Amino acid sequence: RPSDFHQMPSSIRKGGFCPFCAGNEHTTPPEILAYRERGGPPNVSGWHLRVVPNKFPALRIEGDLDKAGEGIYDKMSGIGAHEVIIETPSHDDTLLTLPEKRMEDILWAYRDRMEDLKKDPRLQYVLVFKNEGEIAGATLEHSHSQLIALPIVPKQVLEELDGARQHYKLKERCIYCDILRQELTTETRIVSENPRFVSFAPFAPRFPFETWIVPKDHVSYYPGKPYDYAYLAQILQDTLKRIAGVLNNPPYNYLIHTSPFREEMNEYYHWHLEINPILTRMAGFERGSGFYINPTSPEEAAKFLREAVL
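Keep in mind that this is a model prediction, so the values were computed, not measured. (Residues numbered from 1 in each chain as written. Predicted model: local features only at pLDDT ≥ 70, side-chain atom pairs only at ≥ 80, totals over all residues. Heavy atoms only, no water.)

> Go over the overall build of the chain, please, and point to the residues and values.
Scanning the chain for helices and strands turns up seven helices and twelve strands. What you see for the chain is a C-alpha radius of gyration of 20 Å, in line with the 19 Å of a compact globule of 310 residues. Classification of the 310 residues of the chain by burial places 50% in the buried group. In the form shown here, the chain has an accessible surface area of approximately 15,000 Å², with 54% of it arising from carbon and sulfur atoms. Both charge centroids of the chain, one from 36 positive and one from 43 negative side chains, sit 1 Å from each other. (Helix = DSSP H or I, 4+ residues; strand = E, 2+ residues; numbered from the N terminus. Rg over C-alpha atoms; globule rule 2.2 N^0.38 Å. Buried < 20%, exposed > 50% of the residue type's maximum accessible area, 1.4 Å probe, protein only. Areas by Shrake-Rupley, 256 points an atom, 1.4 Å probe, with all protein chains shown as cover. Lys, Arg positive; Asp, Glu negative; His and termini not counted. Charge placed at Lys NZ, Arg CZ, Asp CG, Glu CD.)

Encoded structure:
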């Protein structure tokens with residue numbers, strides 16, 4: 001399970017010295033990207049967001065793919081990139097307390113890194129995700145998210161792409177655009193919306209209080225419309241605050257689903273962000289069947305979130 005510095009000693013993970021705090025730049029690998037108000041040299045204080053390679057990466061950028069067969073099996077080298085987005089220099093800030101402009105900067109950092117990584121012909125997909133809380137996979141309390149660039153498209157994304165293609169082939173419409181139209185018409189699963197995005201509980205959620213954020217316009221690839229990032233920052237922070245208020249700050253994961261690098265612009269897929277609070281656990285039935293037992297209906301979850309007092 002990818003984490004921030006997932007082999008870090010427990011004495012560091014559980015408190016005390018934090019390698020991500022301002023002033024500790026020497027404890028992380030050299031930065032790949034940083035946003036600074038007044039400019040200045042890299043790898044020194046004065047930043048409000050920085051991106052560094054994971055010290056113990058799931059995949060490494062150096063080397064060749066070295067695809068090979070082993071009998072009926074196929075294998076390749078673990079080539080890719082694993083980066084940590086350090087979202088704030090302050091150890092006590094979270095996505096709930098950051099100014100909205102700082103939230104927007106995080107979304108810009110995702111874009112900047114994806115646009116840079118897609119120049120590497122070995123890479124096909126970037127998964128951006130956030131693990132919030134130890135149960136969700138975080139091993140450091142300091143607010144951060146991650147990205148992993150892969151030489152293949154993940155299986156779950158392939159299944160989504162195939163389903164979206166089939167729907168488009170049959171109806172000549174994007175299935176996510178169809179979902180949005182229905183959700184905006186019925187309104188029973190809407191959590192919040194603004195001029196550019198809708199936050200809603202999907203019709204058949206796998207997990208209690210699972211929530212999606214989807215752009216209202218058809219956009220197949222995450223970096224598609226950078227002028228939307230202020231609206232995305234607003235609705236993402238709003239939705240996370242509602243989840244935190246209703247569920248007493250649960251651990252959660254969020255992840256961005258987007259089209260692969262070599263087919264960014266298309267008519268059938270629609271990028272979106274999924275938020276999954278960790279309220280239940282997968283067990284034998286879920287792992288053996290692929291079905292999920294969810295005790296909370298999406299209509300009920302959306303009502304609680306919609307009526308949350310912020």
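> I'd like a description of helix H2 (residues 100-117), backed by residues and values.
Residues separated by three or four positions in an α-helix point in the same direction, a consequence of the helix having 3.6 residues per turn. The terminal C-alpha atoms of H2, which comprises 18 residues, lie 26 Å apart, in line with the 26 Å expected from a rise of 1.5 Å per residue. Every buried residue belonging to H2 is among Met103, Glu104, Asp105, Ile106, Leu107, Ala109, Tyr110, Arg113, Met114 and Leu117, and all of these are buried. (Expected span 1.5 Å × (residues − 1).)

> Account for helix H4 (residues 175-186), with residues named and values stated.
In this model, H4 (twelve residues) spans 17 Å end to end at C-alpha, consistent with the 16 Å of a helix rising 1.5 Å per residue. Tyr176, Cys177, Asp178, Leu180 and Glu183 are the residues of H4 that are buried. The inward-facing, buried residues of H4 abut helix H3 (155-171), strand E8 (190-193), strand E9 (197-200), strand E10 (211-215) and strand E12 (272-277). Just beyond H4, the residue with positive phi is Glu187, at close to 70°. (Contact = heavy atoms within 4.5 Å.)

> Requested: an account of the state of the cysteines, with residues and values cited.
Per the counting criterion, the structure on display carries zero disulfides. Cys21 takes part in no disulfide bond, and the closest cysteine sulfur, belonging to Cys18, lies 3.8 Å away. Judged by relative accessible area, which is 16%, Cys21 ranks as buried. The thiol of Cys174 is unpaired, and the distance to the nearest cysteine sulfur, on Cys177, comes to 3.8 Å. (Disulfide = S-S within 2.5 Å.)

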